[in-house]
Amino acid sequence: MNSRTIKLNEPDRTRGLPVMQALAVRASVNDWSAEELSLQDLSDLLWAAFGFNRPDLGKRTAPSALNSQDIDLYVFRRDAVYLYDAQAHTLKEVVSGDYRSLFFPPLSSIPGAAGKLPISSPQPPGEQTMPPVIILLVSDLSRFPFGDDNFRTEVSLIDTGLVSENISIFCAAVGLGTRPRGNMERQKIRVLLRLKETQFPRLNHPVGYKKS
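Analysis parameters
- Residues numbered from 1 in each chain as written.
- Predicted model: local features only at pLDDT ≥ 70, side-chain atom pairs only at ≥ 80, totals over all residues.
- Heavy atoms only, no water.
- Phe/Tyr/Trp six-rings, centres within 6.5 Å; stacked < 30°, edge-to-face > 60°.
- Helix = DSSP H or I, 4+ residues; strand = E, 2+ residues; numbered from the N terminus.
- Buried < 20%, exposed > 50% of the residue type's maximum accessible area, 1.4 Å probe, protein only.
- Lys NZ or Arg CZ within 6 Å of the ring centre and 35° of its normal.
- Pairing = 2+ DSSP bridges.
- Axes fitted to C-alpha atoms, helices over the stretch in contact; angles between N-to-C directions.
- Contact = heavy atoms within 4.5 Å.
- 1 Å grid on protein atoms, 1.4 Å probe; cavity = no way out; pocket = protein on both sides within 12 Å on 5 of 7 lines; lining within 4 Å.
- Points joined across faces, edges and corners; volume = space filled by probe spheres on them.
- Nonpolar A, V, L, I, M, F, W, Y, C, P; charged D, E, K, R; others polar.

Participant: Break down the packing of aromatic side chains for me, citing the residues and quoting the values.
Facilitator: Here the structure, examined in full by the defined rule, presents two aromatic pairs. Note on Phe76 and Phe103: the rings are 4.8 Å apart at their centroids and 85° apart in plane angle, and the pair reads as edge-to-face. In this pair, Phe76 is assigned in strand S4 (residues 71-76) and Phe103 in the loop between strand S6 (90-96) and strand S7 (133-140), connecting sequence segments 27 residues apart. A relative accessible area of 0% places Phe103 in the buried class. The interplanar angle of 15° and the centroid separation of 6.1 Å between the aromatic rings of Phe146 and Phe151 together place this pair among those described as stacked. Just above the ring of Phe52 sits the side chain of Arg60; from NZ or CZ to the centre is 4.6 Å. Lying across the ring of Phe200, Arg190 places its NZ or CZ 5.3 Å from the centre.

Rendered as structure tokens:
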């Protein structure tokens, strides 16, 4: 069976609050509506996160060390997991099925979490509060042209943070809810996505419409 490709809409570069107002209202969100994101919202979100804003130069909305562009965005939805192709501005299906629960493992699986609730790791109590989209930021260390493992890891974490901040500010500007999270079933995700040894899941961003 052929994998599905979703052609995303042209990003609307005029929408949203001015940057200072977006910073003033930025806040982490723990609960989301079950409503699916519109194609326009998803298109704009992914372009803002790490799309090409200067395609003639091969440059993107977030900087990266040595212009390595090491961050890949995997989009987990109810129907499937997709990889964002920024050059074509499309989503390419990686695996069908709903795997969003991999980002909400039992708290008992987190080292040192016994009897505690990490602020950055809210757990939806049921399907009604599962975010409609979860964006996984994966760094591929093989894209750095030089450096040992320590150097590549350090700069990949910085690159992850830059893309993560783009997601947070975009969501604040247009009224979507998100938060950066580190909690996830990393090994299961690696197997599911068939990641290479040089690819590392770094952060995830649940995204959805805020509950009124």
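Let us keep going from here.
Participant: Can you lay out the sheet that holds S7 for me, pointing to particular residues and giving the numbers?
Facilitator: Read from one edge of the open sheet, seven strands run S1-S6-S5-S4-S7-S9-S8, paired in antiparallel fashion. The two strands at the open ends of the sheet, each matched to only one other strand, are strand S1 (5-7) and strand S8 (176-178). Each strand axis lies, on average, 30° off the axis of its neighbour in the sheet, ignoring direction. Helix H2 (residues 39-50) contacts S1, S4, strand S5 (80-85), S6, S7, S8 and strand S9 (199-209) of the sheet and is inclined by roughly 160° relative to S4. Against the sheet, helix H4 (residues 186-193) makes contact with S4, S5, S6, S7 and S9, and its axis sits at roughly 95° relative to S9, the strand it touches most.

Participant: Tell me about the layout of surface pockets, residues and numbers included.
Facilitator: By volume, the largest pocket amounts to about 290 Å³. Lining the largest pocket are 18 residues, with Arg15, Ala48, Ile169, Phe170 and Ala173 positioned closest to its centre. For the lining of the largest pocket, the secondary structure elements donating two or more residues are helix H1 (19-25), H2 and helix H3 (149-174). For the lining of the largest pocket, the element with the highest residue contribution is H3, accounting for five residues. The residue makeup of the lining of the largest pocket, split by class, is eleven nonpolar, three polar and four charged. Space inside the second largest pocket adds up to approximately 160 Å³.

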